[in-house]
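# Report on the structure
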Amino acid sequence: MNNFVFEPAAPASLAIDNEVVRFPLRRIFCVGRNYAAHAREMGKDPDREAPFFFTKPADAVVDTGSAIPYPPETRDFHYEIELVVAIGRDGSDIPAAAALDHVWGYGVGIDLTRRDLQLEARDKGRPWDWGKAFDLSAPCAPLRPVATVGHPDSGRIWLAVNGKVRQSADLSELIWNVPEIISILSRSMSLKRGDIIMTGTPAGVGAIVAGDKVTGGIDGLGEIAIDIVAGPSAGRRARSAA
Ligand code: MN
């Protein structure tokens, strides 16, 4: 501990299903608009143009079962259920045909979003970080290794708020599939073990407030549950017509 002016924070990590050991996290990459119906609900054309990415800090991850305070500076706090891909082998310029060799496992995550801040940034040509990369913005269920679950390319992905289903789609509807995402991402960034990729959300996104219980899952990959609790700005419902 002599090389640091203070003790470094414990590395961010993600739970692994049925294991005591955890998956150490490096980076969180997120794919924007990767289901056609969600692109349309965000007012965008779901043409198959090149995918785009944004990131969250690794310490935005929180385990399933957590209580998440309604975040500050927003009046439109949204859920987005997503397939999580965990990278277990380093690589860059990875061909799609070899991409799955770099996957350690899969999981279920929620890309929590301050939608009002994201859309303001989008419309003004500013970075998305304040809308996407805030504290506790990436709750994730325990990962499941490829050895157990293989490489799922279909299966129901869903999310419910207080037991009412709000998102329901199938992994086969991804515009860019997992091998393509890994290949394209690895042309721009070196992927390293410990990276995870949140692969985009299907249609049905919406607002949540303090007191809401959010559950979700993907066939074969388990389920996630979080509770939204009152935070610094209380989390009062302030949504518009939607
Ligand atoms: Mn998302």
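The structure reproduced in this document is the subject of the present report. Every chain is numbered on its own, with residues counted from 1 as its sequence reads. It should be noted that, the model being predicted, local features are given only for residues of pLDDT at least 70 and side-chain atom pairs only at 80 or more, the latter also being counted only at that level, while totals for whole chains, interfaces and linings use all residues. By convention in this description, side-chain values take in all heavy atoms of the structure and omit both hydrogens and water.

## As for the coordination of the manganese ion
Those protein atoms acting as donors to the manganese ion are Glu 80 (OE), Glu 82 (OE) and Asp 111 (OD), and they sit at 2.0 to 2.1 Å. With water excluded from the atoms, a metal site may look incomplete; its donors are any N, O or S atoms within 2.8 Å, or within 3.2 Å for Na, K and Ca. Look at where the donors of the manganese ion fall in the sequence and you get E-x1-E-x28-D. A residue pair is termed long-range when its members are at least 10 positions apart, and Glu 80 in the loop between β7 (77-79) and β8 (81-87) and Asp 111 in the loop between β9 (103-110) and β10 (113-114) qualify at 31 residues. Across this residue pair, the class does not change: Glu 80 and Asp 111 are buried. Secondary structure elements are taken from DSSP: a helix is a run of H or I of four residues or more, a strand is a run of E of two residues or more, and numbering for both begins at the N terminus. The classification of residues rests on relative accessible area computed with a 1.4 Å probe and restricted to protein chains. Under 20% of the type maximum is buried, over 50% is exposed, and intermediate values are partly exposed.

## Observations regarding helix α3 (residues 115-124)
Arg 115, Leu 117, Gln 118 and Ala 121 are the residues of α3 that are buried. On an axial view of α3, the arc spanned by its buried residues comes to 165°, and they lie on one face. Contact partners of the buried residues in α3: β7, β10 and α4 (129-132). Of the residues trailing α3, Gly 125 is marked for its positive phi of about 70°. This arc is taken over the directions from the axis of the helix to the C-beta atoms. The contact criterion used throughout is that any non-hydrogen atoms of two residues lie within 4.5 Å.

## Points about the nonpolar core
With 44 residues, the main nonpolar core has Leu 83, Ile 110, Ile 182 and Ile 197 as its most contacted residues. Contributing elements (two or more residues each) for this core: β3 (28-31), β7, β8, β9, β13 (156-161), α6 (178-188), β17 (213-218) and β18 (222-229). Broken down by element, the residue count for this core peaks at five residues, all from α6. Excluding its chain neighbours within four sequence positions, the residues that come into contact with Ile 110 are Tyr 79, Glu 80, Ile 81, Ser 137, Ala 138, Pro 139, Leu 159, Met 198, Val 214, Ile 224 and Ile 226. Nonpolar core, defined: a set of buried Ala, Val, Leu, Ile, Met, Phe, Trp, Tyr and Cys residues in which side-chain atoms within 4.5 Å join the residues together. Grouped together as the second largest cluster of nonpolar side chains are 19 residues, Phe 23, Ile 28, Ala 60 and Met 198 included.

## Re the sheet that holds strand β14 (residues 164-170)
With mixed pairing, the five strands of this open sheet are ordered in space as β6-β18-β17-β13-β14. Two strands lie at the open edges of the sheet, namely β6 (67-69) and β14, each paired on one side alone. Each neighbouring strand pair of the sheet contributes to a mean axis angle of 20°, computed without reference to strand direction. Of the strand pairs in this sheet, β6 and β18 are connected by three bridges, and their pairing is parallel. Within the sheet, the bridge partner assigned to Ile 68 lies in β18 and is Ile 228. In this description, strands pair whenever DSSP reports at least two bridges between them. Axis geometry follows a simple rule: fit a line to the C-alpha atoms, using only the stretch in contact for helices, then measure angles between N-to-C directions, giving values from 0 to 180 degrees.

## Remarks on the pattern of salt bridges
The term salt bridge refers to a side-chain nitrogen of Lys or Arg lying within 4 Å of a carboxyl oxygen of Asp or Glu. Applying the stated criterion to the full structure yields ten salt bridges. The shortest N-O distance in the salt bridge between Asp 111 and Lys 56 comes to 2.7 Å. In this pair, Asp 111 sits in the loop between β9 and β10 while Lys 56 sits in strand β4 (residues 53-56), placing the two residues 55 residues apart along the sequence. There is no split in this pair, since Asp 111 and Lys 56 are both buried. Across the pair Lys 124 and Glu 120 runs a salt bridge whose closest N-O atoms are separated by 3.0 Å.

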